[in-house]
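The primary structure of each chain is shown beneath.
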Amino acid sequence: REIEASCSRFVGDCVAELRRQTAELCSEMLASIDARGDVHQKTLNRLQRFIERFRSLNFAGDREMERELDRARAELLSRTAEEYRGSGTAATSLVDGLESLRARARELAAQDPATLVESFGQMGRRRFALAS
């Protein structure tokens, strides 16, 4: 039981940290856009790399955060930095999208990950049962 409780805490901590890191990235991107007054491709590439990295680190199967990041990829990474710089409307939609993603990531990070941890544990038990 102690091992199970410890593993559950670990998985919950990992889920919450990935969600917090998502919010932190959005804050950093917003600060970069605000400080420069425009959007650079490097900033957009950073979001793209983060989404890819999130997928590789998402061993717990956080589908909610994954859906949010997929939505962000579709909505925010469909334009180049040059397109964002050339359109005030597009730049505003980028900022709004990043703020929305940050708020959702913070909201998810503050939630109790018990349901996600429980489903992760069930997945592990199924795999163990299949292996034996």
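One structure accompanies this document, and this report is about it. Keep in mind it's a predicted model, so treat the numbers as computed, not measured.

Analysis parameters
Residues numbered from 1 in each chain as written. Predicted model: local features only at pLDDT ≥ 70, side-chain atom pairs only at ≥ 80, totals over all residues. Heavy atoms only, no water. Helix = DSSP H or I, 4+ residues; strand = E, 2+ residues; numbered from the N terminus. Areas by Shrake-Rupley, 256 points an atom, 1.4 Å probe, with all protein chains shown as cover. Lys, Arg positive; Asp, Glu negative; His and termini not counted. Charge placed at Lys NZ, Arg CZ, Asp CG, Glu CD. Axes fitted to C-alpha atoms, helices over the stretch in contact; angles between N-to-C directions. Parallel < 35°, antiparallel > 145°, perpendicular 65-115°, else oblique. Contact = heavy atoms within 4.5 Å. Nonpolar A, V, L, I, M, F, W, Y, C, P; charged D, E, K, R; others polar. Left-handed = near helix turned anticlockwise from the far one by under 90°. Core = buried A, V, L, I, M, F, W, Y, C linked by side-chain atoms within 4.5 Å. Buried < 20%, exposed > 50% of the residue type's maximum accessible area, 1.4 Å probe, protein only. Salt bridge = Lys/Arg side-chain N within 4 Å of Asp/Glu carboxyl O. Expected span 1.5 Å × (residues − 1).

1. A short note on the overall build of the protein chain
- Regarding its fold elements, the protein chain presents six helices and zero strands.
- From first element to last, N terminus to C terminus, the protein chain shows the α and β order α-α-α-α-α-α.
- Summarising its shape, the C-alpha atoms of the protein chain cover approximately 60 × 25 × 20 Å along the three principal directions.
- If you sum the accessible surface of the protein chain, you get close to 8200 Å²; carbon and sulfur atoms cover 51% of it.
- Computed over 22 positive and 22 negative side-chain charges, the inter-centroid distance for the protein chain is 4 Å.

2. Remarks on the packing of helix H3 (residues 63-76) against helix H5 (residues 88-110)
- As a packed pair, H3 and H5 sit with axes 11 Å apart at the nearest point and diverge in direction by 175 degrees. On the basis of their axis angle, the class for H3 and H5 is roughly antiparallel. Seen from H3, the contacting residues are Glu64, Met65, Glu68, Leu69, Arg71, Ala72 and Leu76; seen from H5, they are Ser93, Leu94, Gly97, Leu98, Ser100, Leu101, Arg104, Ala105 and Leu108.
- Among the residues making up the contact of H3 with H5, the classes are represented as nine nonpolar, three polar and four charged.

3. Brief notes about the packing of helix H2 (residues 41-57) against H3
- Where H2 contacts H3, the axes come no closer than 11 Å and their chain directions differ by 150 degrees. Judged by the angle between their axes, H2 and H3 are roughly antiparallel. Along this stretch, H2 crosses H3, giving a crossing that reads as left-handed. Contacts from Leu44, Leu47, Gln48, Phe50, Ile51, Phe54 and Arg55 in H2 reach Met65, Glu66, Leu69, Asp70, Arg73 and Leu76 in H3.
- Across the contact of H2 with H3, the residue classes tally to eight nonpolar, one polar and four charged.

4. Examining the nonpolar core
- With 26 residues, the main nonpolar core has Leu47, Leu94 and Leu98 as its most contacted residues.
- The residues touching Leu94, leaving out its near neighbours within four places in the chain, are Ile33, Val39, Leu44, Leu76 and Tyr84.
- Within the second largest apolar cluster, five residues are counted, among which are Val11, Ala60, Leu116 and Val117.

5. Some thoughts on the pattern of salt bridges
- Within this structure, the stated rule accounts for 11 salt bridges.
- Of the charged contacts, one joins Arg63 and Glu66 as a salt bridge, the two residues approaching to 3.6 Å between their closest N and O atoms. One end of the pair, Arg63, and the other, Glu66, are both in helix H3, three residues apart, so they sit about a helical turn from each other.
- Judged by its relative accessible area of 15%, Glu66 is buried.
- Across the pair Arg71 and Glu75 runs a salt bridge whose closest N-O atoms are separated by 3.0 Å. With Arg71 and Glu75 both in helix H3 and four residues apart, this pair spans about one turn of that helix.
- With a relative accessible area of 28%, Arg71 lands in the partly exposed category.
- For Glu75, a relative accessible area of 43% corresponds to the partly exposed category.

6. Focus on helix H1 (residues 2-36)
- Its 35 residues give H1 an end-to-end C-alpha distance of 50 Å, which sits within 8% of 51 Å, the value for a rise of 1.5 Å per residue.
- Note on H1: the residue one or two positions beyond its end, Gly37, has a positive phi of about 80 degrees.

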